[in-house]
Each structure stands twice: as structure tokens, then as C-alpha cells.
Amino acid sequence: MNVRKALFPRCSRARGGPDLGDNEGVSAEKAQVRVRLLGPFSVTSGGRDAGPWPRPTARRLCQLVLVSPGRRISRDLACEELFPGLDPRAAARSVSKALSMARAGLAVLSPAADGLLAADLTHIWASPDAEVDAEETERALRAALALEP
């Protein structure tokens, strides 16, 4: 089961972005952020829930980034997925607004979620330290399939 394809069927692939493999400078506190993609979407930390989501596209941007390989996407991909009917400049402005609104929705979580969603001029990425239920479920399913009958 590919959660990314289920949530974003038009999305053919994630495009490159910053390498998130080394986790340099990441505190252990950030590992307490839990993301639920299976079922109703939620992001929690320290008993608090993110939200309210001021725009549905802010929530969908978080979902798209979190289900993408390496938890990163290009801004172009975000434009294509979230705003397919807009011209490229309007879509880019809308993605920037959605990113800002997503960060505002996540801001209520505490310092543990400060770096959950980050971006530069070409890419948007999520912290590799957040615990995502879809990834945990996928690992469990792969382990179960690897068992002998």
C-alpha cells in the first residue's frame, strides 16, 4: 500500500531536495512529535494537537511532504499537486501562503515541533525525527511479509 499515492494520486514522484539523513543538531525532544496519516490527519506533541488548520491546503501540504520519499518535495511538485488549475506564479504564491499557514498551525505544539516543516527557495521538507504512523505500519507489514509461513 502506497499512502502517498492514495492521498495524492496525480503525484508521480518526489523531486530532489536537501539530504536529511544526518540529523545534525537535532534534539531528542523533537522525536516526541507524532503524525497520524492513517485515518483522520493529526500532528501531536506533548499532549497538544496542531491546528486548527486555517486552510485545507496547509494541512494537505503537511500530508504531501510527510508521505513523500525522504519527507521532501520540490516547490514545483507542491504547486502541481495542491494548485493544478493556477498559473505557475499564482501557484507559487499559494504554496508560500500554505506553508506559512501550516507553520502557524504547527506553532501551537511547543518547541518540539519548531523544525517539523522547513523550506528554502526550491524545496519543502519535514523533520526526519517525527514519528509517522504510516511509516511504522509499513515497517510492521514488511516485517510480517518477511516471516516464514
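Predicted model only: the values in this text are computed from it and were never measured.

The rules behind these values
Residues numbered from 1 in each chain as written. Predicted model: local features only at pLDDT ≥ 70, side-chain atom pairs only at ≥ 80, totals over all residues. Heavy atoms only, no water. Salt bridge = Lys/Arg side-chain N within 4 Å of Asp/Glu carboxyl O. Helix = DSSP H or I, 4+ residues; strand = E, 2+ residues; numbered from the N terminus. Buried < 20%, exposed > 50% of the residue type's maximum accessible area, 1.4 Å probe, protein only. Pairing = 2+ DSSP bridges. Phe/Tyr/Trp six-rings, centres within 6.5 Å; stacked < 30°, edge-to-face > 60°. Axes fitted to C-alpha atoms, helices over the stretch in contact; angles between N-to-C directions. Contact = heavy atoms within 4.5 Å.

Colleague: Tell me about the pattern of salt bridges, residues and numbers included.
Modeller: Pairs can form between side chains of opposite charge whenever their charged atoms are close. For the coordinates displayed, the defined rule picks out 4 salt bridges. Between Arg34 and Glu131 there is a salt bridge, and its shortest N-O distance comes to 2.5 Å. Of this pair, Arg34 sits in strand 1 (residues 34–36) while Glu131 is found in strand 7 (residues 131–132), placing the two residues 97 residues apart along the sequence. The class of Arg34 is partly exposed, set by a relative accessible area of 35%. Judged by relative accessible area, which is 30%, Glu131 ranks as partly exposed. The shortest N-O distance in the salt bridge between Arg142 and Glu138 comes to 2.8 Å.

Colleague: Outline unusual backbone geometry, supporting the account with residue identities and numerical values.
Modeller: Backbone phi values are negative for most residues with the exception of glycine, while trans is the configuration of most peptide bonds. You will see that Arg71, though not glycine, has its phi angle at about 55 degrees, which is positive. Relative to the helices and strands, Arg71 resides in the loop between helix 2 (56–67) and strand 4 (72–74).

Colleague: Quick rundown of the sheet that holds strand 3 (residues 48–49)? Include the residues and the values.
Modeller: Strand pairs in the sheet, formed through backbone hydrogen bonds, run parallel or antiparallel to each other. Spatial strand order, 3-2-1-7: 4 strands in an open sheet with mixed pairing. Single-partner strands in this sheet number two, and they are strand 3 and strand 7.

Colleague: How would you summarise the packing of aromatic side chains if you had to cite specific residues and measurements?
Modeller: For the coordinates displayed, the defined rule picks out 1 aromatic pair. For the ring pair Phe41 and Trp53, a centre distance of 5.8 Å and an interplane angle of 45 degrees mean the geometry is tilted. Taken together, the residues span a long stretch of sequence, with Phe41 in the loop between strand 1 and strand 2 (42–45) and Trp53 in the loop between strand 3 and helix 2 at a distance of 12 residues. Of the two residues, Phe41 and Trp53, both sit in the buried class.

Colleague: Can you explain the sheet that holds strand 5 (residues 117–119)? Please cite residues and give values.
Modeller: Strands sit in the order 4-6-5 across an open sheet of 3 strands; the sheet is antiparallel. Strand pairing shows two members of the sheet lacking a second neighbour, strand 4 and strand 5, which therefore form its edges. Sheet twist, expressed as the mean angle between neighbouring strand axes with direction ignored, is 20 degrees. Contacting strand 4, strand 5 and strand 6 (123–126), helix 2 crosses the sheet at an angle of about 80 degrees to strand 6. Contacts from helix 4 (residues 88–106) reach strand 5 and strand 6, with the element oriented near 150 degrees to strand 5.

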